Number of protein chains: 2
Amino acid sequence: MRDAYHEELDSIGDGLVEMARLVGSAIGRATTAILDSDLKLAENVIEGDQKVDELHHELEARAIALLARQQPVATDLRIVVTSLRMSADLERSGDLAQHVAKLARLRYPERAVPRDLHATILEMGQLAQRLMAKAAEVIITKDVDLALQLEQDDDAMDLLHRTLFQHLMDDRWKHGIETAVDVTLLGRYYERYADHAVAVAKRVVYLVTGEHADELQAADIPPVTGVETA
Amino acid sequence: MRDAYHEELDSIGDGLVEMARLVGSAIGRATTAILDSDLKLAENVIEGDQKVDELHHELEARAIALLARQQPVATDLRIVVTSLRMSADLERSGDLAQHVAKLARLRYPERAVPRDLHATILEMGQLAQRLMAKAAEVIITKDVDLALQLEQDDDAMDLLHRTLFQHLMDDRWKHGIETAVDVTLLGRYYERYADHAVAVAKRVVYLVTGEHADELQAADIPPVTGVETA
C-alpha cells in the first residue's frame, strides 16, 4: 500500500516537471513570437496553454485523491500540499507566457517591441526560460544550492526590469504611448513569471530543509530532516 | 473529537473572512491614497499588509495541522484544501493593494493619476472593494447566487479596464509616458485584485455545489501520457 503511495507521489512529481517543461518552452516561444511578430507561433503558445491547464487540474485531482485515500502525515503530507502549490505556480506561469503571446497576436503584423528594446526583452525571455529550467531541475534533484541560485537569477530579472523602466522614462522615448503600455505589461509578465519559478524552487527548499516553514513550525510537525529552523 | 474539528474548521473560515475584510479595506484606502496623494495613508496600507501575511501563514499552518491530525475525507477534505487556496488568493489581493499604495508613495507629492482618469480609477477601486466585500459575504453565507453575481461585477471591472486603455491609446493623451506606465500598472493591479476576489467566490460555489470541480471528478483519470509541443 505504501509503495503504491510513493509511486503515485513520484508520478505527481513527474507531472510537475512536465508542467515546468511546458511553461518553460512556452515563455521561450512567446518571446520569439513577440520579437519576430510571428503570428503562427503566438497562436501555438496560446493554444498550448490548455495542455498546461489540463495537467494542473489533473495533478490537483490526484493530489487530493492521495490525501483522501492515504491520509499522509508529517513529511508526506507536506509533499502533497506543496505539490498543490507548485502546480498552481506553474499554471500561472503558463498564463503569463500566454499573455506575452496574446500581445504578439494583438499587435501583429506590427511589432510590439521597438528595436532598441529587443535585446532587453530577449534577455528577459531567455532568463525566464532558464529560471524555469532550473526550477524543473530543482524539483528533480532537490538541489538546495541550485534553488538558492534562482534567487540571484531573479535579481538579474529585477535589474532587466529596471532597465526597461529607464528606457520608458527616458525623455528621448520616441515610440509613443501604445508601445509604452505594451512594454510596461511585458515587463510585468516576465517579472511575475520569474517570481513563480523562484517560488517553485523555494518550495522545494522548504521540503528538503524545513526552512521558510513558518506554517509547519506552528503546526508542530517536525521538518523532513529534523533540522530546526531559527 | 469531530466537534473540536468542526470548531477549528469554522475558525479557519472566520480567519478567511477577516483576511477578506483587511484586504478589502486595504484596496479602498490604497485607492484614496493614490487619488489624493496621501503619503501617510499609503504607508499605512503598505505596513498593514504584514498583518494579512501573518494571517495567511497562520491559516495555512492551521489547515495543514488539521489535515495531519484529523485526516478528513470527502467534503471535509475539500473544505480544508479549498481554504488553503482561498487564503492564497486573499494574500495575493493584499499584495496588489500594497502595490497601489507603493505607487502612491513613489509619486508623492505628485499625483500618479491625472484628473481626467480620477473617476475611472475611483470606480475601479470601489468596485474592487465591493467585490471583496461580496466575496467575504459569500464565505459567510455560502450564497451561490451572490457568488455568481461576482462574475458580472468582474465584467464591469473589465469594462473599466478597457476604458482606461481607451484613454491611454487616445491620440489626445497629454500626460506623458511616466503617467501612461503608472496607469497601465494600476489597471493591471485592480484587474488582478478583482480576479482573486472572484476566485474566492468561485471556490465557495465549488464547495457548495461540487460544480467546477474538475479536480475531484477527474480524480480517477490515469497518469499523464506523453505531451507534444511544437
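Residues numbered from 1 in each chain as written. Chains lettered and ligands numbered in written order. Predicted model: local features only at pLDDT ≥ 70, side-chain atom pairs only at ≥ 80, totals over all residues. Heavy atoms only, no water.

On a plain count of helices and strands, chain A comes out with seven helices and zero strands. Starting at the N terminus and ending at the C terminus, chain A contains elements arranged as α-α-α-α-α-α-α. Looking at chain A as a whole, 59% of its 230 residues qualify as buried. Taking contacts inside chain A between residues at least 6 apart in sequence as the whole, the part at least 24 apart equals 80%. (Helix = DSSP H or I, 4+ residues; strand = E, 2+ residues; numbered from the N terminus. Buried < 20%, exposed > 50% of the residue type's maximum accessible area, 1.4 Å probe, protein only. Contact = heavy atoms within 4.5 Å.)

Turning our attention to the pattern of salt bridges. Within this structure, the stated rule accounts for 24 salt bridges over all chains. When the shortest N-O distance is used, the salt bridge between Arg85 of chain A and Glu60 of chain B registers 2.8 Å. Of this pair, Arg85 of chain A sits in helix H3 (residues 74-107) while Glu60 of chain B is found in helix H2 (residues 39-70), placing the two residues in two different chains. Like Glu60 of chain B, Arg85 of chain A is buried. (Salt bridge = Lys/Arg side-chain N within 4 Å of Asp/Glu carboxyl O.)

Time to look at the packing of aromatic side chains. All told, the structure shown has zero aromatic pairs over all chains when counted by the stated rule. Positioned above the aromatic ring of Tyr206 of chain A is the side chain of Arg78 of chain A, whose terminal nitrogen or guanidinium carbon lies 5.1 Å from the ring centre. (Phe/Tyr/Trp six-rings, centres within 6.5 Å; stacked < 30°, edge-to-face > 60°. Lys NZ or Arg CZ within 6 Å of the ring centre and 35° of its normal.)

Enumeration over the complete set of coordinates arrives at one cavity of 30 Å³ or more. By volume, the largest cavity is sized at about 50 Å³. Looking at the largest cavity, the residues that line it are Leu67, Gln71, Pro72 and Leu77 of chain A together with Leu67, Gln71, Pro72 and Leu77 of chain B. Considered class by class, the residues forming the lining of the largest cavity number six nonpolar, two polar and no charged. (1 Å grid on protein atoms, 1.4 Å probe; cavity = no way out; pocket = protein on both sides within 12 Å on 5 of 7 lines; lining within 4 Å. Points joined across faces, edges and corners; volume = space filled by probe spheres on them. Nonpolar A, V, L, I, M, F, W, Y, C, P; charged D, E, K, R; others polar.)

Its place among the elements puts His99 of chain A in helix H3. In sequence terms His99 of chain A and Ala63 of chain A are 36 residues apart; their C-alpha atoms lie 28 Å from each other. Setting aside residues up to four positions removed in sequence, His99 of chain A forms contacts with Arg92 and Tyr189 of chain A together with Arg188 of chain B.

Turning our attention to helix H4 (residues 115-141) of chain B. Relative to the 39 Å expected for 27 residues at 1.5 Å per residue, H4 of chain B spans 39 Å between its end C-alpha atoms, a close match to the ideal helical length. Among the residues trailing H4 of chain B, Lys142 of chain B stands out with phi positive, at a value near 55°. (Expected span 1.5 Å × (residues − 1).)

Residue and element names in this part refer to chain A. Interaxial distance between H3 and helix H6 (residues 176-209) falls to 9 Å at its minimum, and their mutual angle equals 165°. Considering the angle they form, H3 stands roughly antiparallel to H6. The way H3 lies across H6 gives a crossing that is left-handed. Among the residues forming the contact of H3 with H6, the class breakdown is 15 nonpolar, four polar and nine charged. (Axes fitted to C-alpha atoms, helices over the stretch in contact; angles between N-to-C directions. Parallel < 35°, antiparallel > 145°, perpendicular 65-115°, else oblique. Left-handed = near helix turned anticlockwise from the far one by under 90°.)

This brings us to the side chain of Asp95 of chain A. Residues and elements named next belong to chain A. Counting through the fold element by element, Asp95 comes out in helix H3. Looking at Asp95, the relative accessible area reads 14%, which means it is buried. Not counting residues up to four positions away in its chain, the partners in contact with Asp95 are Asp49 and Asp53.

Now for the confidence of the model for chain A. Residues and elements named next belong to chain A. Scored by pLDDT, chain A comes out at a mean of 90, with 90% of its residues at no less than 70. In the model of chain A, helix H7 (residues 214-219) stands out as the element of lowest mean pLDDT, 36, in contrast to helix H4 (residues 115-141), which has the highest, 97. A low-confidence stretch, residues 213-230 stays under pLDDT 50, and its non-local contacts, those more than four residues away or across chains, total 37 contacts. (pLDDT = per-residue confidence, 0-100.)

All right, on to the nonpolar core then. With 150 residues, the main nonpolar core has Ile34, Leu186 and Tyr190 of chain A together with Ile34, Leu186 and Tyr190 of chain B as its most contacted residues. Setting aside its immediate chain neighbours within four residues, Ile34 of chain B contacts Val100, Leu103, Ala104, Ala112, Val113, Leu186 and Tyr190 of chain B. (Core = buried A, V, L, I, M, F, W, Y, C linked by side-chain atoms within 4.5 Å.)

What follows is about the packing of H2 of chain B against helix H3 (residues 74-107) of chain B. Residue and element names in this part refer to chain B. Two numbers describe how H2 lies on H3: the axes approach to 9 Å, and their chain directions differ by 165°. What the angle tells us is that H2 and H3 run roughly antiparallel. The interaxial crossing formed by H2 with H3 has left-handed handedness. Its residues assigned to classes, the contact of H2 with H3 shows 18 nonpolar, four polar and eight charged.

Time to look at the side chain of Glu60 of chain B. Overall, the relative accessible area of 6% leaves Glu60 of chain B in the buried class. In this structure the side chain of Glu60 of chain B is engaged in a polar contact, spanning 2.8 Å, whose partner is the side chain of Arg85 of chain A. (Polar contact = N/O pair within 3.5 Å; in protein donor to acceptor, adjacent residues only side chain to side chain.)

What follows covers a negative patch on the surface. Residue and element names in this part refer to chain A. Together, Asp3, Glu7, Asp10 and Asp14 make up a negatively charged patch on the protein surface. Looking at the element boundaries, Asp3 is found in helix H1 (residues 2-36). On the accessibility criterion, Asp3 (62% relative accessible area) is exposed. (Patch = residues over 30% accessible without salt bridge, like charges linked within 9 Å, V, L, I, M, F, W, Y side chains within 5 Å. Areas by Shrake-Rupley, 256 points an atom, 1.4 Å probe, with all protein chains shown as cover. Lys, Arg positive; Asp, Glu negative; His and termini not counted. Charge placed at Lys NZ, Arg CZ, Asp CG, Glu CD.)

What is expected of a backbone is that most residues other than glycine have negative phi and most peptide bonds are trans. With an omega of 5°, the peptide bond running from Tyr108 of chain A to Pro109 of chain A counts as cis. Located in the positive-phi region is Gln71 of chain B, a residue other than glycine, with phi close to 45°. If you trace the backbone, Gln71 of chain B turns up in the loop between H2 and H3. Judged by its relative accessible area of 25%, Gln71 of chain B is partly exposed. Non-glycine residue Ala74 of chain B carries a positive phi angle of around 45°. Along the chain, the position of Ala74 of chain B falls in helix H3.

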